[in-house]
Amino acid sequence: MPGHHSARSRRTTERKGDVRERAILNTCEALLAHKGYDAMTVGDIAQGAGITRGALYFYFGSKQEVVTALVARTVEHLWERSRATAQTDEPRQAIAAAMQRTIELWSEHGPVLRTAIDLSLTVPEIGELWKHTADLFIAAITAVLERAGIQAGAAPDQASAMARALCWMIERTFYHASQESREKLQEASATCEHIWLTSAGLIT
């Protein structure tokens, strides 16, 4: 089976450095959840990854660089899911699927996403990653709105401007809800989905 063979090949040829880098990023994500960015240290990350501080510095020059790499890894998942939303034909299904994926991502990676938002104004690399992520989501939301019959364009009542407002509303709503509970994420999703459907003219 080609798929099985290629997966086995990847496993057998994976470099030791790749394994260590993944361990560093996984540890960083766990520490963001338990200690937060400010309290977390390079020593904490190295210890959790089972390496020395010196070994960690072979891969990353600072705590900020580790977090930037972790944000980059996480937003790749966001990009994949935004593309899937844009390609779903029926607007109601696209909106429901997008909100379900958003719940999943914030449940799995909430601390990373909140850290990305917090650092986006002060760390240029993270700011660029987050801006690019927002732009992709805005494009996906715009496509859904246009398929629902909203006129293309950047005027306040047109798809692009509405998509931008919806994107930032979803970000802030999930940012706050993710600090509380899964139930709050569900409530946030229901609220955002209702507003998106209303904006698309799919409910009144």
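Residues numbered from 1 in each chain as written. Predicted model: local features only at pLDDT ≥ 70, side-chain atom pairs only at ≥ 80, totals over all residues. Heavy atoms only, no water.

Engineer: When you look at the overall build of the protein chain in this model, what are you seeing that I'm missing?
Structural biologist: Secondary structure summary: the protein chain contains nine helices and zero strands in total. The order of helices and strands in the protein chain, counted from the N terminus, is α-α-α-α-α-α-α-α-α. When burial is assessed residue by residue, the protein chain has 43% of its 204 residues classed as buried. Put simply, of all contacts in the protein chain between residues at least 6 apart along the chain, 64% involve residues at least 24 apart. Carbon and sulfur atoms form 54% of the exposed surface of the protein chain, whose accessible area is close to 10800 Å². (Helix = DSSP H or I, 4+ residues; strand = E, 2+ residues; numbered from the N terminus. Buried < 20%, exposed > 50% of the residue type's maximum accessible area, 1.4 Å probe, protein only. Contact = heavy atoms within 4.5 Å. Areas by Shrake-Rupley, 256 points an atom, 1.4 Å probe, with all protein chains shown as cover.)

Engineer: Before we go on, may I ask you to explain the packing of helix 7 (residues 124-147) against helix 8 (residues 159-177) in this structure?
Structural biologist: Helices that pack against each other are described as a pair by the angle of their axes relative to one another and the distance between those axes. Closest axis-to-axis distance for the helix 7/helix 8 pair is 8 Å, and the angle between their directions is 125°. Looking at the two axes, helix 7 sits oblique to helix 8. As for how helix 7 packs across helix 8, the hand of that crossing is right-handed. Two secondary-structure elements touch here, helix 7 through Trp-130, Ala-134, Phe-137, Ile-138, Ile-141, Thr-142, Leu-145 and Glu-146 and helix 8 through Ala-159, Ser-160, Met-162, Ala-163, Arg-164, Leu-166, Cys-167, Trp-168, Ile-170 and Glu-171. Residues of the contact of helix 7 with helix 8, tallied by class, amount to 13 nonpolar, two polar and three charged. (Axes fitted to C-alpha atoms, helices over the stretch in contact; angles between N-to-C directions. Parallel < 35°, antiparallel > 145°, perpendicular 65-115°, else oblique. Left-handed = near helix turned anticlockwise from the far one by under 90°. Nonpolar A, V, L, I, M, F, W, Y, C, P; charged D, E, K, R; others polar.)

Engineer: Help me out: how do you make sense of the nonpolar core in this one?
Structural biologist: Considering soluble globular proteins, one finds that nonpolar side chains tend to be buried as a cluster. Membership of the largest hydrophobic core comes to 60 residues, with the highest contact counts inside it found for Leu-56, Leu-145, Phe-174 and Trp-196. Elements supplying a minimum of two residues to this core: helix 2 (16-34), helix 3 (42-49), helix 4 (53-59), helix 5 (63-87), helix 6 (91-119), helix 7, helix 8 and helix 9 (182-199). The element contributing the most residues to this core is helix 6, with twelve residues. (Core = buried A, V, L, I, M, F, W, Y, C linked by side-chain atoms within 4.5 Å.)

Engineer: Honestly, the environment of Phe-60 in this entry has me stumped. Any pointers?
Structural biologist: Here Phe-60 is to be found in the loop between helix 4 and helix 5. Residue contacts for Phe-60: discarding those within four places in its chain leaves Glu-21, Ile-24, Leu-25, Glu-65, Val-66 and Ala-69.

Engineer: Where do I start with the packing of helix 6 against helix 9 in this structure?
Structural biologist: The contact between helix 6 and helix 9 brings their axes to 10 Å, and the two run at 155°. Our classification of the angle between helix 6 and helix 9 gives roughly antiparallel. When you trace helix 6 past helix 9, the crossing you get is right-handed. Between helix 6 and helix 9, the contacting residues are Arg-92, Ile-95, Ala-96, Ala-98, Met-99, Gln-100, Ile-103, Trp-106 and Ser-107 on the first element and Arg-182, Leu-185, Gln-186, Ser-189, Cys-192, Glu-193, Trp-196 and Leu-197 on the second. Each residue belonging to the contact of helix 6 with helix 9 can be placed in one class, and the counts come to ten nonpolar, four polar and three charged.

Engineer: So what exactly am I meant to see when it comes to the packing of aromatic side chains here?
Structural biologist: Under the defined criterion, the tally for this structure stands at two aromatic pairs. Here Phe-58 and Tyr-59 contribute two aromatic rings whose centre-to-centre distance is 5.2 Å and whose plane-to-plane angle is 85°, an arrangement assigned as edge-to-face. Take Phe-58: its relative accessible area is 68%, and that puts it in the exposed class. Above the plane of the ring of Tyr-37 lies Lys-63, whose end atom (NZ or CZ) is 4.3 Å from the centre. The aromatic ring of Tyr-175 is capped on one face by Arg-172, whose charged end is 4.5 Å from the ring centroid. (Phe/Tyr/Trp six-rings, centres within 6.5 Å; stacked < 30°, edge-to-face > 60°. Lys NZ or Arg CZ within 6 Å of the ring centre and 35° of its normal.)

Engineer: Please explain helix 7 as it appears in this structure.
Structural biologist: An α-helix turns once every 3.6 residues. As a result, residues three or four positions apart point the same way. Spanning 24 residues, helix 7 covers 35 Å between terminal C-alpha atoms, matching the ideal 34 Å at 1.5 Å per step. Regarding helix 7, the residues found buried are Ile-126, Gly-127, Leu-129, Trp-130, Thr-133, Ala-134, Ile-138, Ala-140, Ile-141, Thr-142, Val-144 and Leu-145. Two residues or fewer after helix 7 comes Gly-149, characterised by a positive phi angle close to 105°. (Expected span 1.5 Å × (residues − 1).)

Engineer: Would you mind showing me how to read the side chain of Glu-171 here?
Structural biologist: Within the element layout of this structure, Glu-171 appears in helix 8. Reaching out from Glu-171, the side chain makes a polar contact with the side chain of Arg-172 at a distance of 3.2 Å. Beyond its immediate chain neighbours, meaning those up to four positions away, Glu-171 contacts Trp-106, Ile-117 and Trp-130. (Polar contact = N/O pair within 3.5 Å; in protein donor to acceptor, adjacent residues only side chain to side chain.)

Engineer: Explain helix 3 to me, please; I cannot follow it from the model alone.
Structural biologist: Among the eight residues of helix 3, six are classified as buried, and the element is accordingly described as predominantly covered. Along helix 3, the residues classified as buried are Val-42, Gly-43, Asp-44, Ile-45, Ala-46 and Ala-49. Positive phi shows up at Gly-50, right after helix 3, with a value of about 75°.

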